[in-house]
Structures are given as structure tokens and as C-alpha cells.
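# Reading the structure
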Amino acid sequence: MTRDKIYARPLDKLVDFNFDERVACVFPDMINRSVPGYASIVAMTGILAAEFYQAGSYCYDLGCSLGASSLSMAKAINDPSVSIIAVDNSPAMLNKADELLPPEIKQKISFVCADINDINIRNASIVVMNFTLQFIAPQKRAQLLSKIYQGMQPGGILILSEKLNYQNEQEQQLLIEMHHFFKKANGYTDMEISQKRQALENVLLPETLEQHKSRLQKAGFKQTEQWFQCFNFASLIAVK
Ligand code: GEK
């Protein structure tokens, strides 16, 4: 796994974070050392998908990056004709996914290079958005979730994983601090943490758990449960 050193040197000019080739090359290392609970969420995505999958329907992985969640679903769902639609708008990410995934897995996955705001979603029993909604402009989020809901089969699930914000200042500070402890323990320096935070400031826009729950309810989901949290990173399951 190539080590993420993107913010290891002082940068004269900090540009907004984007999912380019440099990021794609170090992505597995970056996400594992930055997102507490990432490996568990990806593994559980497969377990949940296997149980809620409906034969003849599609599974969507929105903001698939290198296809980790698609891979987890492809391995767990016991149907040779399972069809996973993995969408990302970063060509660099999709090229890397194509390079890394074995042919027997790629045969189950259709990669689509597109903005998830622009795609059609239909006949879905599983929709996964692992750490993607946080990169979508907040004013577009309700419309996107409503489109996802409309494209799902009754009984289907949305797995939504996000970094969370807290309204209470004290709570927010403590949770952010714990996330920084996690990054430091994983070898990131204070400078790396600080430069990455600045690069993400206008790009990754977290919301509170209440905002997510209320939006999912408004989109039509009949039940939403939080099933995972590690520090300020959480995952929800929403059932149609
Ligand atoms: C995983 N789910 O490994 N349309 C399509 N893709 C987008 C858009 C958009 N509008 N905006 C951002 N992305 C993955 C991890 S990473 C999370 C997801 C992170 C894509 C972007 O290109 C990137 O690949 C992904 O969403 C977010 O389980 O890096 O923290």
C-alpha cells in the first residue's frame, strides 16, 4: 500500500482537496489512517447487502472510489448474476479501481464515471453511500436522497456513512480532538493534520446526525437506524 505523504511537507499554497491521481495512488492508506472504523464499515456493508439484496435488482455504490464497498458486496452477495453499479466522478479513482480489482469481481461491477447528482437510479435493493454525501453541495442533498428513495424497491436499504458535526461546541471540540488523536496514532504529524483540514474545509461539509435523520425521513424512508460510530464517523441504515 503506497503511503499517503501528500500533506507531509509545508505547502506554500493550499488548494482545495480533490480526488486526483495523487490521491488515487495513496487512497487505501489515506482512508484507513484517516477514517476511524472505515474497514469495519466496508466489511459490514457486504454483510448487510447480502441480507437485504433482492434477486433481479441492482446494487449501487455511489462515490465508489477504488471500489472497496463494491468489492465487499460482490464477495458477500451469493448470486452469480448480481449487478453492482459503481459511480464516481473522478476518472483517476476509476482507473485505479480498474487496475486493482480482479477480473472475477469486475465482471459483477459496472463502473460509471459521472456526477451522482446526474445519474438515474432504478430497481435498487441496495444503495451505498460510504463517505460521499459529505462531498455533495448541501443544497443538492435532499434532491439526491429523494431520487435514491424513488429508485429503490420496497424493503431495500440505503447505507449512509458520514463524518458528523455536533451542534454543541464542547461536544464538537472533543469529538474533533479524538479524531486527531486517531490520526496522530496512525502516523500523521500535526502539520499534515492541519494542512489536510484546511484543504478539506470547503469541500467536505459534515452535518449533524439529526440533519441526516430528518432528511432521510423527508425523502420517505420508513426507518432509519444508526448502526455504527467511531469518534465523529458514523453509519446509518435507512429502510424503504
Ligand atoms: C469507499 N465510498 O472506499 N459524484 C460522484 N462521485 C463523487 C462526487 C459526485 N458528485 N463527489 C465526490 N465523489 C468509498 C469512499 S471517498 C470518501 C468514498 C473520502 C467521490 C470522490 O471522487 C471520491 O472518490 C468519493 O466520492 C469520496 O468506501 O475520501 O473521504
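See the structure above.
First things first, this report covers the structure right here in the doc. (Residues numbered from 1 in each chain as written. Predicted model: local features only at pLDDT ≥ 70, side-chain atom pairs only at ≥ 80, totals over all residues. Heavy atoms only, no water.)

### Points about the environment of Phe111
What counts, and what does not: Runs of E in the DSSP output that reach at least two residues are strands. Runs of H or I that reach at least four are helices, and both are numbered from the N terminus. Each residue gets one of three labels from its accessible area relative to the maximum for its type: buried under 20%, exposed over 50%, partly exposed in between, using a 1.4 Å probe on protein chains only. The contact rule is simple, with two residues in contact once any of their heavy atoms fall within 4.5 Å.
For Phe111, the location among the structural elements is in strand 3 (residues 109–113). Accessibility expressed as a relative area gives 26% for Phe111, which makes it partly exposed. Separated by 121 residues in sequence, Phe111 and Asn232 place their C-alpha atoms 30 Å apart. Look past the residues within four positions of Phe111 in its chain and what remains in contact with it is Cys64, Ala86, Leu94, Ala97 and Leu101.

### Remarks on the state of the cysteines
Defined simply, a disulfide is a covalent bond joining two cysteines at their sulfur atoms. Note the threshold: When the sulfur atoms of two cysteines come within 2.5 Å, that pair is taken as a disulfide.
Throughout the structure, instances matching the rule amount to zero disulfides. The structure places no disulfide on Cys25, whose sulfur is separated from the nearest cysteine sulfur, that of Cys64, by 16 Å. Accessibility expressed as a relative area gives 34% for Cys25, which makes it partly exposed. Summary of cysteine pairing: Cys59 is not part of a disulfide, and the nearest cysteine sulfur, belonging to Cys64, is at 13 Å. Classification of Cys59 as buried rests on a relative accessible area of 0%.

### Describing the site of the ligand
Cut-off, in case you're wondering: Distances are taken per atom, and a residue is near a molecule or strand as soon as one of its heavy atoms is within 4 Å of it. By the criterion applied in these results, polar contacts are pairs of N or O atoms within 3.5 Å in which, for protein atoms, one can donate a hydrogen and the other can accept it, and in which residues neighboring in sequence qualify only through two side-chain atoms. Computed with a 1.4 Å probe, the accessible areas rest on the Shrake-Rupley method; for each residue, only the protein chains presented here act as cover. Here the term charged refers only to Asp, Glu, Lys and Arg, the term nonpolar to Ala, Val, Leu, Ile, Met, Phe, Trp, Tyr, Cys and Pro, and the term polar to all other amino acids, Gly among them.
Near the ligand you find 21 residues, and of these Tyr38, Gly63, Ser65, Asp88 and Asn130 are the closest. Tyr38 places a side-chain nitrogen or oxygen 2.5 Å from an oxygen atom of the ligand. Separating a nitrogen atom of the ligand from a backbone N or O atom of Asn130 is a distance of 2.8 Å. When the ligand is considered free in solution it has 660 Å² of accessible area, and contact with the protein chains removes 94% of it. A class-by-class count of the residues in the shell around the ligand yields eleven nonpolar, eight polar and two charged.

### Thoughts on the nonpolar core
To keep it simple, the criterion reads: Residues belong to a common nonpolar core when they are buried Ala, Val, Leu, Ile, Met, Phe, Trp, Tyr or Cys residues joined through side-chain atoms within 4.5 Å.
Residues Leu62, Met129, Ile148 and Leu158 are the most contacted members of the largest nonpolar core, which totals 30 residues. The element contributing the most residues to this core is helix 6 (residues 138–150), with four residues. Apart from the residues lying within four places of it in its own chain, the contact partners of Ile148 are Leu62, Ile121, Val127, Met129 and Leu158. Tyr38, Val42, Leu66 and Phe228 belong to the second largest nonpolar core, which has 24 residues in total.

### Concerning the pattern of salt bridges
To be explicit about the condition: Whenever a carboxyl oxygen of Asp or Glu lies within 4 Å of a side-chain nitrogen of Lys or Arg, that contact is scored as a salt bridge.
Going through the model one piece at a time under the given rule, you end up with seven salt bridges. Two residues, Arg215 and Glu207, come together in a salt bridge whose shortest N-O distance is 2.6 Å. Given a relative accessible area of 13%, Arg215 falls into the buried group. For Glu207, a relative accessible area of 8% corresponds to the buried category.

### Here's the deal with helix 7 (residues 169–185)
How we decide: What a helix should span is 1.5 Å times the count of its residues minus one.
With 17 residues, helix 7 extends 24 Å from end C-alpha to end C-alpha; this agrees with the ideal 24 Å at 1.5 Å per step. Residues of helix 7 that are buried make contact with helix 1 (21–34), strand 5 (152–163), helix 8 (190–200) and strand 7 (233–239). Between a side-chain oxygen at the N-terminus of helix 7 and the backbone nitrogen of Gln170 the separation is 2.9 Å; the capping residue is Asn168. One or two steps after helix 7, the chain reaches Gly187, where phi turns positive at roughly 100°.

### Some points on the packing of helix 7 against helix 8
This is how it is decided: Here, axes are lines fitted to C-alpha atoms. For helices the fit covers the stretch in contact, and angles between N-to-C directions go from 0 to 180 degrees. In what follows, roughly perpendicular refers to angles from 65 to 115 degrees, roughly parallel to angles under 35, roughly antiparallel to angles over 145, and oblique to any angle outside these ranges. Handedness of a crossing follows from how the near helix is turned relative to the far one, being left-handed for an anticlockwise turn of less than a right angle and right-handed for a clockwise one.
Between helix 7 and helix 8, the shortest axis-to-axis distance is 10 Å and the interhelical angle comes to 125°. Between helix 7 and helix 8, the angle falls in the class oblique. Between helix 7 and helix 8 the crossing geometry is right-handed. Of the residues in helix 8, those in contact with His180, Lys183 and Lys184 of helix 7 are Asp190, Ile193 and Lys196.

### What to know about the sheet that holds strand 3
What counts, and what does not: A pair of strands is treated as paired once DSSP finds two or more bridges between them.
Reading across from one edge, 3-2-1-4-5-7-6 is the order of the seven strands in this open sheet, with mixed pairing throughout. For this open sheet the edge positions go to strand 3 and strand 6 (223–230), each flanked by a neighbour on one side alone. Here the strands of the sheet are splayed against their neighbours by 15° on average, with no regard to which way each runs.

### Focus: the packing of aromatic side chains
To keep things clear, this is the line we draw: Only centres within 6.5 Å qualify two rings of Phe, Tyr or Trp (six-membered ring in Trp) as a pair; their planes then separate them into stacked at under 30 degrees, edge-to-face at over 60, and tilted for everything else.
This model, assessed by the stated rule, comprises seven aromatic pairs. Residues Phe17 and Phe19 carry aromatic rings whose centres are separated by 5.1 Å and whose planes lie at 90° to one another, so their mutual orientation is edge-to-face. The class for Phe19 is partly exposed, based on a relative accessible area of 26%. Ring centres 6.4 Å apart and planes at 65° place the aromatic pair Phe182 and Phe231 in the edge-to-face group. In this pair, Phe182 sits in helix 7 while Phe231 sits in the loop between strand 6 and strand 7, placing the two residues 49 residues apart along the sequence. Counting every residue linked through ring pairs, the aromatic cluster contains Phe17, Phe19 and Phe135.

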